[in-house]
Amino acid sequence: MKFGILLTSVYDASVDARVQRAEHEDLVRTSEQLGFDLMVCGQHFLGSELRYFQPVPWLTHMAQVAPSMEVATGIVLLSMVNPVDIAEQMATLDVLTDGRAIFGVGLGYSGHEFDAFGVEPGTRVDRFEESLSLVKQLWSGEEVDFSGKFTSVHGARPSVRPIREGGIPVWVGGQAAGAVKRAARMGDAWYSPPFPTHAELATLRRLFLDTRAEHGLSLDGDFPLRREVLIAPNRVAGMDAALERYRARYETYKKWGLSGENTPIDSGEQLRADIQDRFILGSAAEVADGLAKLEEELGMTHFVYKPHWPGLPHREAMKQLEEFGTKVVAELTR
């Protein structure tokens, strides 16, 4: 099993941006020392409540801080961005990291982002599939003639291409059944967000494998995923901490438009059950057991860990990271 660190946002514009940079540098530097393999950075636009720096330049810098780690976009909103631009940005990132880039992509869900890019939400699936197809062709080294609904390229043979042998791996994110089938058909892996319950996660993993089998594709690839983790003296203490952190973050995602299949929707009396069904809580030993179960039962190959939460001081997040690395990672990689 490999371990990744998520460079997520916990601040708005009221906090000096250099604080966020320094804290992320601290995260990746310490993660590398603890044996982590991967850093992951997501994408949002125009976020007032949470400040997301754009992933390709952010990862380019962080890769210099922790030069042994792979770098993954988790995720680029491919239904909104220009495929020619992101193909060359990712290829550049791959060159600058000596072939250690991973291209995580997804549809997106926020109406204000679609509006800003002039994207009708009803076109997002078509845009995504067309863009991913074009990106792969632009990385191929072959001459590209592509006539799509949204982008056309003729007689192009780009010299900006990845250096990783076989191209940049593509991880497709999403939690709806359609997104998982799309990941199976078009990606190298399904990158599961933390939103499905434990039971839903197992069902979706089976759907991914069944769809791969139907299309005659390999079943032996990566399975990177996220679960929310809180290390505490016991599960009761972990639940108390999770209640506070869950509200602080997921209410923002709901405000931005997160909804639909396999997402948390209830913030009332059902909240404890939502957390119980989605989080891995308890002592380091209990967390290690939970992750070992995901590896054994679902074939998880990469676990992406998030220590930062809105309102949680950085020093407390670093304590969680240190305990996760020295106890959980050490237990599962020995």
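About the thresholds
Residues numbered from 1 in each chain as written. Predicted model: local features only at pLDDT ≥ 70, side-chain atom pairs only at ≥ 80, totals over all residues. Heavy atoms only, no water. 1 Å grid on protein atoms, 1.4 Å probe; cavity = no way out; pocket = protein on both sides within 12 Å on 5 of 7 lines; lining within 4 Å. Points joined across faces, edges and corners; volume = space filled by probe spheres on them. Helix = DSSP H or I, 4+ residues; strand = E, 2+ residues; numbered from the N terminus. Nonpolar A, V, L, I, M, F, W, Y, C, P; charged D, E, K, R; others polar. Buried < 20%, exposed > 50% of the residue type's maximum accessible area, 1.4 Å probe, protein only. Pairing = 2+ DSSP bridges. Core = buried A, V, L, I, M, F, W, Y, C linked by side-chain atoms within 4.5 Å. Contact = heavy atoms within 4.5 Å. Phe/Tyr/Trp six-rings, centres within 6.5 Å; stacked < 30°, edge-to-face > 60°. Lys NZ or Arg CZ within 6 Å of the ring centre and 35° of its normal.

You'll find the protein chain entered in an unreviewed UniProt entry as LLM class flavin-dependent oxidoreductase, with Planosporangium thailandense given as the organism.

Draft legend 1. Up close: the layout of surface pockets. Taken as a whole, the largest pocket holds about 740 Å³ of empty space. I75, Y109, G174, Q175 and F195 are, among the 39 residues lining the largest pocket, the residues nearest its centre. Every element with two or more residues in the lining of the largest pocket is listed here: β3 (70-77), α5 (124-139), β7 (170-173), α6 (177-186) and α8 (235-256). Each residue belonging to the lining of the largest pocket can be placed in one class, and the counts come to 18 nonpolar, 14 polar and 7 charged. Volume-wise, the second largest pocket comes out at about 300 Å³.

Draft legend 2. Broad picture of the pairing of strand β11 (residues 279-282). Judged by which residues are buried, β11 turns out to be covered on both faces: F279 and L281 on one side and I280 and G282 on the other are all buried. When strand β10 (residues 228-231) meets β11, the two strands line up parallel, connected through 4 bridges. By the bridge assignment for β11, L230 is matched with L281.

Draft legend 3. Looking closely at the sheet that holds strand β9 (residues 224-225). Taken in spatial order, the 8 strands make up an open sheet running β8-β7-β4-β3-β2-β1-β12-β9, and their pairing is parallel. The two strands at the open ends of the sheet, each matched to only one other strand, are β8 (189-191) and β9. Examined bridge by bridge, strand β1 (residues 2-6) and strand β2 (residues 38-41) share 3 bridges and lie parallel to one another. From the neighbouring strand, I5 faces β2, where its bridge partner is M39.

Draft legend 4. Region of the structure containing the nonpolar core. In terms of nonpolar packing, the biggest core is built from 87 residues, with I5, F36, M39, F103, L291 and F324 touching the most fellow members. With residues up to four places along the chain from it excluded, the contact list for F36 reads F3, G4, I5, S31, M69, Y305, L321, F324, G325 and V329. Counting residues in hydrophobic clusters, the runner-up holds 19 residues, among them M239, Y246, Y253 and L281.

Draft legend 5. Seen up close, the packing of aromatic side chains. Applying the stated criterion across every chain, the model contains 11 aromatic pairs. Linked through ring pairs, F3, F36, F303, Y305 and F324 together constitute an aromatic cluster. Across the ring face of F128, the terminal group of R182 is positioned such that the distance to the ring centre comes to 5.9 Å. One Lys or Arg, K306, reaches over the ring of W309 and ends 3.8 Å from the middle of that ring.

Draft legend 6. Molecular detail of empty space enclosed by the protein. This model, assessed by the stated rule, comprises 2 cavities of 30 Å³ or more. Each pocket or cavity is described by its volume, and for the largest cavity that value is around 50 Å³. What lines the largest cavity is L7, T8, S9, Q20, H24, C41, G42, R51, Y52, F53 and W58. As for the second largest cavity, its lining consists of D188, R205, F208, R212, S218, L219, D220, G221 and D222.

Draft legend 7. Expanded view of the environment of M1. Among the structural elements, M1 can be located in the segment before β1. When the C-alpha positions of M1 and D37 are compared, they lie 9.7 Å apart, and in sequence the two are 36 residues distant. Not counting residues within four places of it along the chain, the set of residues in contact with M1 comprises L291, E295, M300, T301, F303, L332 and T333.

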